[in-house]
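Structural overview for review
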Amino acid sequence: MAGKFITLEGGEGAGKTTQARLIKSYFEESGFDVVLTREPGGVPEAEKIRNLLVQRDGGNWTPMAECLLFFAARQMHVETLIKPAVAEGKIVICDRFTDSTVAYQGYGHGFDLDTIRQIEALTLGGFSPDLTFLLDIPVKDGIGRSLKHNNSAPGDENKEDRFERLDVSFHERLRQGFLDLAKKNPERIRVVDARQSAELVFGEICAAL
Ligand code: Z5A
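Residues numbered from 1 in each chain as written. Predicted model: local features only at pLDDT ≥ 70, side-chain atom pairs only at ≥ 80, totals over all residues. Heavy atoms only, no water.

Looking now at the site of the ligand. In the vicinity of the ligand lie 27 residues, with Glu 12, Gly 13, Thr 17, Thr 18 and Arg 96 positioned nearest. At 2.7 Å from an oxygen atom of the ligand is found a side-chain nitrogen or oxygen belonging to Arg 50. In the model, a nitrogen atom of the ligand is placed 3.1 Å from a nitrogen or oxygen of the Ala 198 main chain. Elements with a contribution of two residues or more to the shell around the ligand: α1 (16–29), α2 (44–54), α3 (63–87), α4 (98–108) and α6 (139–149). Top contributing element to the shell around the ligand by residue count: α4, with four residues. (Near = heavy atom within 4 Å. Polar contact = N/O pair within 3.5 Å; in protein donor to acceptor, adjacent residues only side chain to side chain. Helix = DSSP H or I, 4+ residues; strand = E, 2+ residues; numbered from the N terminus.)

Structural data, given as structure tokens:
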């Protein structure tokens, strides 16, 4: 029997990583084989691309180049890890996926949404998650959590904060982008109020699982 592909999405500090770990334990305790992975990254080639994309001095990419790098990493990740694991019956849990590209590069940076969809079709050929949890949190709350967690050290050029350093209006646009995606894909995307405690958020996720 084929497995399932589940993704977590949301802005900074929404708690995706925390919930991804809880979902992993939940399935493992029920006897499933689970793969926990993330984007950008997940396989060695894609982790190399991650450094170009998220590190403070990763590069000053044009919007098209940045989008192509996200999908180059994703194509490797899907073909060499996600699809084979799902075919073996595993549950694959991924921290971010294509919805993040639509929200960050499209709604956040204003890169053309149709072009993103064309690149998605070319690289992934219609492959998408079975289920997505969108952890929704007001921008200020999310950034506050994220800053506490990732206390920025000035001068550390390897610091993974290229996107966190963007202004509040950028984060408001991407939050709206995620919510628009949820409205357009109600059968796949479940919106969860991420202001709640991690336990309550996980309770809502469990009910949906
Ligand atoms: N990016 C992009 O632009 N385009 C794309 O296509 C993709 C990504 C795939 C890397 O993402 C960056 O790449 C990201 C988007 C961009 N930009 N940024 N920034 P990432 O997933 O590696 O990094 P992140 O999104 O910044 O992670 P995060 O927001 O810092 O964390 P999170 O996974 O959502 O949350 P967390 O680590 O689980 O929790 C953060 C803190 O809050 C931590 O101290 C927790 O203990 C605490 N926490 C968690 N849940 C709760 C609750 N419920 N209450 C209170 N405190 C909590």
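Having put the structure on the table, let's press on.
The geometry of an aromatic ring pair is captured by two quantities: the separation of the ring centres and the angle between the planes. Scanning the entire structure with this criterion turns up eight aromatic pairs. Both rings, one in Tyr 26 and one in Phe 27, keep their centres 5.3 Å apart while their planes meet at 80°; by these two values the pair is edge-to-face. The class of Tyr 26 is partly exposed, set by a relative accessible area of 29%. A relative accessible area of 9% means that Phe 27 is categorised as buried. Chaining the aromatic ring pairs together yields one cluster made of Tyr 26, Phe 27, Phe 32 and Phe 202. Between the NZ or CZ atom of Arg 74 and the centre of the ring of Phe 97, over which it lies, the distance is 5.2 Å. (Phe/Tyr/Trp six-rings, centres within 6.5 Å; stacked < 30°, edge-to-face > 60°. Buried < 20%, exposed > 50% of the residue type's maximum accessible area, 1.4 Å probe, protein only. Lys NZ or Arg CZ within 6 Å of the ring centre and 35° of its normal.)

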